[in-house]
Amino acid sequence: MASMRRDGADGEAGAAWSLVVPLKPLVRAKSRLSGAAGEEFRPRLALAFALDTVAAALACKDVRDVAVVTDDRTAGERLAALGARIVPDTPARGLNAALAHGARAVRARRPDAAVAALNADLPALRPAELELVLHSASLFPRAFLADAADIGTTLLTATSGVELEPAFGSASRARHLASGAREITAPGVPSVRRDVDTGEDLLAALALGVGPHTALQAPHLAGGAATGPAAPNGPQRLLPPQVRASGA
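Residues numbered from 1 in each chain as written. Predicted model: local features only at pLDDT ≥ 70, side-chain atom pairs only at ≥ 80, totals over all residues. Heavy atoms only, no water.

## What to know about the sheet that holds strand β2 (residues 63-69)
Link 1 in the chain: Ordered in space as β3-β2-β1-β4-β6-β5-β7, the seven strands form an open sheet in which the pairing is mixed. Each edge of the open sheet is held by one strand with a lone partner, namely β3 (85-87) and β7 (182-183).
Link 2 in the chain: Here β2 runs beside β3; their pairing, made up of three bridges, is parallel. Pairing of Val68 across the sheet is with Ile86, part of β3.
Link 3 in the chain: Along the sheet, helix α2 (residues 42-58) makes contact with β1 (17-22), β2 and β4 (114-118), crossing β2 at roughly 155 degrees. (Pairing = 2+ DSSP bridges. Helix = DSSP H or I, 4+ residues; strand = E, 2+ residues; numbered from the N terminus. Contact = heavy atoms within 4.5 Å. Axes fitted to C-alpha atoms, helices over the stretch in contact; angles between N-to-C directions.)

Below is the structure:
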């Protein structure tokens, strides 16, 4: 099993954030990708997204540890092998309840923890870009990063002593703004904003460069989701995924 992130005892002030990543049971995850991935393959793709997201998060030097809130046994085993802590979704009342539960679990062990909720569907996530976002977030009690569509949220943060107060779901950007969270507008962090709900989202993530788990699954996609423009006088050509090295 991979080791957990360092505990900050080495004096690195940046290694302070505890990330909470929610993950539905794989049989229900990423339902909007059914057309692109097929019902049988979709759970494998959802797991690949989560593995690449968590691996990149653990490689970020500002991240102390990652807690994944999930009841999926397969996903839990694979993510624990990367070094994540698995927290059962005992509330079983949806996304925001799971995130609040995960934040409480983190602070039960470390009451002064700065916590951040991170989407599990960021297969292009780069540790250096996440570091930039977390640095900006540390300047405010609560902060968030909008998704690539400027409608949803991919990251919500709360510094030590501040409640996370998650309001994820449709149009969550507006709800997080209304709650008083500061919007992070750091440029040059597309990988932290590129969540994947549709085939078009997946194409955009592949173009950015995805992690190795997603890259391994991408060639098997159905329905043309991973295909590029039609070649002259020929069918659509497969868009080979740009693969980022793990931790890069």
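## Section: the environment of Gly94
Link 1 in the chain: Note on placement: Gly94 falls in the loop between β3 and α4 (95-109).
Link 2 in the chain: Note on Gly94: relative accessible area 38%, which makes it partly exposed.
Link 3 in the chain: Sequence separation between Gly94 and Phe168 is 74 residues; the distance between their C-alpha atoms is 10.0 Å. (Buried < 20%, exposed > 50% of the residue type's maximum accessible area, 1.4 Å probe, protein only.)

## Structural notes on the confidence of the model for the chain
Link 1 in the chain: Taken as a whole, the chain shows an average pLDDT of 86; of its residues, 81% reach a score of 70 or greater.
Link 2 in the chain: Overall, residues 1-15 carries pLDDT values under 50, and its contacts beyond four positions in sequence, including any with other chains, amount to 30 contacts.
Link 3 in the chain: The model gives residues 222-240 a pLDDT under 50, and that stretch makes 27 contacts with residues more than four places away or in other chains. (pLDDT = per-residue confidence, 0-100.)

## Section: the pairing of β2
Link 1 in the chain: Counting buried positions over the seven residues of β2 gives five, a clear majority of the element.
Link 2 in the chain: Across six bridges, β1 lies against β2 in parallel orientation. Counted as the bridge partner of Val21 is Val68 from β2.
Link 3 in the chain: On the question of chirality, the crossover connecting β2 to the parallel β3 by way of helix α3 (residues 73-82) is right-handed. (Right-handed = clockwise from strand over helix to strand, strands pointing away.)

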